[in-house]
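Residue-level structure breakdown
Letter by letter, the chains look like this.
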Amino acid sequence: MQDSPTLPEVRVCAAGDLVNGGLGVKVPVTDGAGRTTAFFVRYQDRVHGYLNRCAHVGVELDWEGSFFTRAGDLIMCARHGATYQPDTGLCVGGPCRNGRLTALDVSERDGSVYWQPAGKILPADAAA
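Residues numbered from 1 in each chain as written. Predicted model: local features only at pLDDT ≥ 70, side-chain atom pairs only at ≥ 80, totals over all residues. Heavy atoms only, no water.

Looking at the sheet that holds strand 3 (residues 35-43)
- Overall, antiparallel pairing links the 4 strands, which are arranged 4-3-2-10 in an open sheet. Each of the sheet's edge strands pairs with one partner strand only, and the pair in question is strand 4 (46-51) and strand 10 (122-123).
- Relative to strand 3, strand 2 (residues 25-30) is paired through 6 bridges, and the arrangement is antiparallel. Following the sheet pairing, valine 27 is matched in strand 3 by alanine 38. (Pairing = 2+ DSSP bridges. Helix = DSSP H or I, 4+ residues; strand = E, 2+ residues; numbered from the N terminus.)

What follows is the structure, encoded as structure tokens:
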């Protein structure tokens, strides 16, 4: 079986657009099941990216770009309150307990945040 070609990395946003426990940035993606989004947040000065799909029922997590609890210490599903550790994606509360968000390969350099697409999760425009 051949490896799939490496896709170019995607510039997500300026690094300063993400603040610890603040609003996230979403980008359109496909994941083999259809169109959805991925999201990127900053937690404890590090950037993390995940497929925007709750491990419990598969709905998007955010409410108008907000992914964190009010305290800014957990990612929370706006639909039913499942909570996830921002740095690992592990579900720590709610019906998806011990489930996990699908993590993305993210880096930060030269004042920007980048995502390296891989596997089934691709930028929406690359799948067209």
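Points about the UniProt feature "domain: Rieske" (unreviewed entry) in the protein chain
- Here, UniProt's "domain: Rieske" (unreviewed entry) annotation points to residues 10-115.
- Spanning residues 10-115, this segment combines 0% helix with 40% strand, and its end C-alpha atoms are found 5 Å apart. (UniProt positions renumbered as here; feature names shortened; annotations may be inferred.)

A word on the packing of aromatic side chains
- A full pass over the atoms with the stated rule returns 4 aromatic pairs.
- An angle of 50° between the planes, with centres 6.4 Å apart, marks the rings of phenylalanine 40 and tryptophan 115 as tilted. Taken together, the residues span a long stretch of sequence, with phenylalanine 40 in strand 3 and tryptophan 115 in strand 9 (residues 112-116) at a distance of 75 residues. Here phenylalanine 40 and tryptophan 115 have matching classes, each one buried.
- Taken together, a centroid distance of 6.5 Å and an interplanar angle of 25° make the contact between tyrosine 43 and phenylalanine 68 stacked. Placement of the pair is tyrosine 43 in strand 3 and phenylalanine 68 in the loop between strand 4 and strand 5 (75-76), with a sequence separation of 25 residues. (Phe/Tyr/Trp six-rings, centres within 6.5 Å; stacked < 30°, edge-to-face > 60°. Buried < 20%, exposed > 50% of the residue type's maximum accessible area, 1.4 Å probe, protein only.)

So, unusual backbone geometry
- Non-glycine residue glutamine 44 carries a positive phi angle of around 50°.
- Tracing the backbone through its elements, the reader meets glutamine 44 in the loop between strand 3 and strand 4.
- Residues other than glycine seldom take positive phi values, yet glutamate 64 does so here, at roughly 55°.
- Position of glutamate 64 among the secondary structure elements: in the loop between strand 4 and strand 5.

A word on the side chain of asparagine 52
- Mapped onto the secondary structure, asparagine 52 falls in the loop between strand 4 and strand 5.
- Only 3.0 Å separates the side chain of asparagine 52 from the side chain of aspartate 62, close enough to count as a polar contact.
- With residues near it in sequence (within four places) discarded, asparagine 52 still touches Lys26, Thr36, Thr37, Ala38, Phe39, Val59, Glu60, Leu61, Asp62 and Phe67. (Polar contact = N/O pair within 3.5 Å; in protein donor to acceptor, adjacent residues only side chain to side chain. Contact = heavy atoms within 4.5 Å.)

Overview of the sheet that holds strand 9
- Read across the open sheet, the 3 strands follow the order 1-9-8; overall the sheet is antiparallel. Of all strands in the sheet, those with a lone pairing partner are strand 1 (10-14) and strand 8 (105-109), marking the two edges. Across the sheet, the mean angle from the axis of one strand to that of its neighbour is 25°, orientation sign disregarded.
- For strand 8 and strand 9, the ladder comprises 5 bridges, and the chain directions are antiparallel. Along strand 9, the bridge assignment pairs aspartate 105 with glutamine 116. (Axes fitted to C-alpha atoms, helices over the stretch in contact; angles between N-to-C directions.)

Some thoughts on the environment of cysteine 54
- Within the secondary structure, cysteine 54 sits in the loop between strand 4 and strand 5.
- The class of cysteine 54 is buried, set by a relative accessible area of 4%.
- A sequence separation of 39 residues divides cysteine 54 from alanine 15, and the C-alpha atoms of the two residues are 25 Å apart.
- In this structure cysteine 54 touches Val59, Leu61, Cys77, His80, Ala82 and Tyr84, once residues within four positions along its chain are discounted.

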